[in-house]
Amino acid sequence: ERYLVGDDAAEPYVRWHIAEAYEALGEKERAAQQLGAIDLSELSPSQQAEILEELAQALRQIEDYDGALAAYERILAFAERPDYRALVSQEEGETLREAGREDEAGKVFTRVLEEHPESHAASMALAALDEMNLADQVTGLQRGEILYHGGQYAASIEALVGYYLANPEGRAARAHYYAGL
């Protein structure tokens, strides 16, 4: 840590490397302390996001779930790309799940499905809801679309056909569209 004295512009990068060293040594708490001490104000948004993601992961490893959730919220405060926002929200849901807060996790996963159905994070959120037995509000059409965008084509067709057979008066054109892709 003696390298922290001197060049203020280098301080965030030095702390980041120190955190990586602690991580490699298995000292998760010390890694989290270094990451949390980084002044992000002069860093680019992408660097801020990367450091905050690493901080959240380190905090999850030491079971500081509230700290991890706060790091994810800090990312969402400035993140703009929809797919990235979906992924960060998905990680929030997983953190809540790890913390044993399944009802809150279910709400976050559902929000990912509703706000970002075409993202890869939506297929992960759907899988989490299925594992938690909380996907009862997801329609066959939603499931089919999400699975399609997640690259699970056979499962998508199965869900869409099931939706169509159960809802012949429903949104058949949309179901046929996705099944035909």
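Anything mentioned here points back to the structure above.
Described in the following lines is the structure provided in the data block. Bear in mind the structure is a predicted one, so any value in this text is a computation, not a measurement. (Residues numbered from 1 in each chain as written. Predicted model: local features only at pLDDT ≥ 70, side-chain atom pairs only at ≥ 80, totals over all residues. Heavy atoms only, no water.)

## A short note on the layout of surface pockets
1) Next: Taken as a whole, the largest pocket spans an internal volume of roughly 150 Å³.
2) Next: The dominant element in the lining of the largest pocket, judged by the number of residues it contributes, is helix α3 (residues 45-61), at five residues.
3) Next: Per-class residue counts for the lining of the largest pocket are five nonpolar, one polar and four charged. (1 Å grid on protein atoms, 1.4 Å probe; cavity = no way out; pocket = protein on both sides within 12 Å on 5 of 7 lines; lining within 4 Å. Points joined across faces, edges and corners; volume = space filled by probe spheres on them. Helix = DSSP H or I, 4+ residues; strand = E, 2+ residues; numbered from the N terminus. Nonpolar A, V, L, I, M, F, W, Y, C, P; charged D, E, K, R; others polar.)

## Some points on helix α1 (residues 11-24)
1) Next: Here α1 contains 14 residues, and its C-alpha end-to-end distance of 20 Å stays within 8% of the 20 Å for a straight helix at 1.5 Å per residue.
2) Next: Here α1 has its buried residues at Glu11, Pro12, Val14, Arg15, Trp16, Ile18, Ala19 and Tyr22.
3) Next: On its buried side, α1 packs onto α2 (28-36) and α3.
4) Next: Of the residues flanking the end of α1, it is glycine 26, one or two places downstream, whose phi is positive at about 80°. (Expected span 1.5 Å × (residues − 1). Buried < 20%, exposed > 50% of the residue type's maximum accessible area, 1.4 Å probe, protein only. Contact = heavy atoms within 4.5 Å.)

## Topic: the packing of helix α9 (residues 153-166) against helix α10 (residues 172-180)
1) Next: Across the interface, α9 lies against α10 with an axial gap of 9 Å and an inter-helix angle of 160°. Here α10 runs roughly antiparallel to α9, going by the angle between their axes. Helix-helix and strand crossings are classified by hand; for α9 and α10 the assignment is left-handed. Contact with α9, carried on its side by Ile157, Leu160, Tyr163 and Tyr164, involves Ala172, Ala175, His176, Tyr178 and Ala179 of α10 and no other residues of that element. (Axes fitted to C-alpha atoms, helices over the stretch in contact; angles between N-to-C directions. Parallel < 35°, antiparallel > 145°, perpendicular 65-115°, else oblique. Left-handed = near helix turned anticlockwise from the far one by under 90°.)

## Considerations on the environment of glutamate 145
1) Next: Its place among the elements puts glutamate 145 in helix α8 (residues 140-149).
2) Next: Taking relative accessible area as the criterion, glutamate 145 reaches 11% and is therefore assigned buried.
3) Next: Taking the C-alpha atoms as reference points, glutamate 145 and alanine 172, separated by 27 residues in sequence, lie 13 Å from one another.

## Details of the pattern of salt bridges
1) Next: Inspection of every chain in the model, using the stated rule, returns 12 salt bridges.
2) Next: In this structure, arginine 97 and glutamate 131 form a salt bridge, with 2.5 Å as the shortest nitrogen-oxygen distance. In this pair, arginine 97 is assigned in helix α5 (residues 82-98) and glutamate 131 in helix α7 (residues 120-131), connecting sequence segments 34 residues apart.
3) Next: Shared partners join several salt bridges into a network, and the residues in it are Arg60, Glu91 and Glu98. (Salt bridge = Lys/Arg side-chain N within 4 Å of Asp/Glu carboxyl O.)

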